[in-house]
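Close look at the chain arrangement
The lines below spell out each chain.
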Amino acid sequence: MPRHRDRLDDIIRAAFRVFMAKGYQRTQMADVARELGVSPGTLYNYVASKEALFHVLIDRAFLREAAPPPPVLPVPTPPPGATLERLRERLTADSVIPALEAALTRRRVTDARAELERIVRDLYALIERNRQAITLIERSALELPDLARLFYGTTRRELVARLTRYLEARTRRGHMRPLPDCGAAARLILEAAAWFAMHRYRDPDASTIPGEVARETVVHFIVRALVPDGPQRARSHKEVHK
């Protein structure tokens, strides 16, 4: 089994590269075999089909530790809808931003700058940790409408909505500078973090920016832009509802 597991891990790494470059529809098993330097027949000893291989990628995409070996080889073709449901489970389990969830339930804010910094750092870490998985999903969503609806229409939209509620609450109480539109600002925060934590790797010039520099630049600009210098006086209930 260890030898089989090592080879399956090699296949998965090669498949990630091919699917991210070519997309779901254009990727063929022969492309993955060519990337790995084996015959196409070798792949079928480990996965029964392209659909099975894509399911394995989705199943392992967000894992932080090595996945256990599959119970049987080759991995069978999943039933209709199984891959999408597996992705839904993965996104639900790994799209939580702890600092944001805590902020949404916090009734009293003593340091808005530190609070926002923690949120941006958690968001950045989430995207950076899952950048390969997110890239795979974004590339595949161009060709798989159900996947696009799940990722963009549900998961990402809900994240933007929660960021928007947070910004509305903090600007309403005077902890942050007034914003033209909190929803647009929430999207800006998400996209800035996504570009530096993930998309910059596809830019030959930007990919040379050290990871720590990229992260700290995003945190610095967002926090400095939204939270005024010096202590923030929270507005009273009467002031908020004038």
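Residues numbered from 1 in each chain as written. Predicted model: local features only at pLDDT ≥ 70, side-chain atom pairs only at ≥ 80, totals over all residues. Heavy atoms only, no water.

What follows is about the environment of His199. Summarising the element assignment, His199 is placed in the loop between helix 10 (182-197) and helix 11 (211-226). Of the residues examined, His199 reaches a relative accessible area of 17% and is grouped as buried. Considering only alpha carbons, one finds His199 and Ala15, 184 residues apart in sequence, at a separation of 19 Å. When near neighbours in sequence (up to four residues on either side) are disregarded, His199 contacts Glu138 and Ala194. (Helix = DSSP H or I, 4+ residues; strand = E, 2+ residues; numbered from the N terminus. Buried < 20%, exposed > 50% of the residue type's maximum accessible area, 1.4 Å probe, protein only. Contact = heavy atoms within 4.5 Å.)

Time to look at the side chain of Asp94. Structurally, Asp94 can be placed in helix 5 (residues 82-94). A residue is classified by how much of its surface remains accessible, and Asp94, at 13% relative accessible area, is buried. Of note is the side chain of Asp94, whose polar atom sits 2.6 Å from the side chain of Asn130. (Polar contact = N/O pair within 3.5 Å; in protein donor to acceptor, adjacent residues only side chain to side chain.)

Before going further, it helps to examine the packing of aromatic side chains. Inspection of every chain in the model, using the stated rule, returns five aromatic pairs. Here the aromatic rings of Phe19 and Phe54 are separated by 5.4 Å at their centres, their planes lie at 45°, and the arrangement is tilted. Of this pair, Phe19 sits in helix 1 (residues 2-22) while Phe54 sits in helix 4 (residues 50-60), placing them 35 residues apart in sequence. Aromatic pair Tyr24 and Phe54: ring centres 4.9 Å apart, planes at 70°, arrangement edge-to-face. Here Tyr24 is found in the loop between helix 1 and helix 2 (29-36), whereas its partner Phe54 is found in helix 4, with 30 residues between them in sequence. The exposure class assigned to Phe54 is buried, which follows from its relative accessible area of 5%. Cluster of aromatic residues (ring-pair linked, three or more members): Phe19, Tyr24 and Phe54. (Phe/Tyr/Trp six-rings, centres within 6.5 Å; stacked < 30°, edge-to-face > 60°.)

We now examine the nonpolar core. Formed by 69 residues in total, the largest nonpolar core has its most connected members in Leu116, Ile127 and Leu167. The element best represented in this core is helix 9 (residues 145-172), accounting for nine residues. Each residue touching Ile127, except ones within four places of it in the same chain, is listed here: Ile134, Leu190, Ala193, Ala194, Ala197 and Met198. (Core = buried A, V, L, I, M, F, W, Y, C linked by side-chain atoms within 4.5 Å.)

Topologically, Ile119 is positioned in helix 7 (residues 112-129). For the pair formed by Ile119 and Leu100, sequence separation is 19 residues and the distance between their alpha carbons is 5.4 Å. Contact partners of Ile119, with chain neighbours within four places excluded, come to Ile97, Ala99, Leu100, Ala103, Leu163 and Tyr166.

Another point: the pattern of salt bridges. A full pass over the atoms with the stated rule returns 20 salt bridges. Between Asp10 and Arg13 there is a salt bridge, with the nearest N and O atoms lying 2.4 Å from each other. Within this pair, Asp10 and its partner Arg13 are both found in helix 1, separated by three residues, close to a single helical turn. The exposure class assigned to Arg13 is partly exposed, which follows from its relative accessible area of 45%. Of the charged contacts in the structure, one is a salt bridge between Glu115 and Arg170, with a shortest N-O distance of 2.7 Å. (Salt bridge = Lys/Arg side-chain N within 4 Å of Asp/Glu carboxyl O.)

Take unusual backbone geometry next. With an omega dihedral of 0°, the bond running from Leu73 to Pro74 counts as a cis peptide bond. Structurally, Pro74 can be placed in the loop between helix 4 and helix 5.

Next up on the list: the packing of helix 6 (residues 98-105) against helix 9. For the pair helix 6 and helix 9, interaxial distance at closest approach is 10 Å and the crossing angle is 45°. In this view, helix 6 runs oblique relative to helix 9, as classed from their interaxial angle. In the packing of helix 6 onto helix 9, the handedness of the crossing is left-handed. Contacts between helix 6 and helix 9 involve Leu100, Glu101, Ala103 and Leu104 on the former and, on the latter, Leu159, Arg162, Leu163, Arg165, Tyr166 and Arg170. (Axes fitted to C-alpha atoms, helices over the stretch in contact; angles between N-to-C directions. Parallel < 35°, antiparallel > 145°, perpendicular 65-115°, else oblique. Left-handed = near helix turned anticlockwise from the far one by under 90°.)

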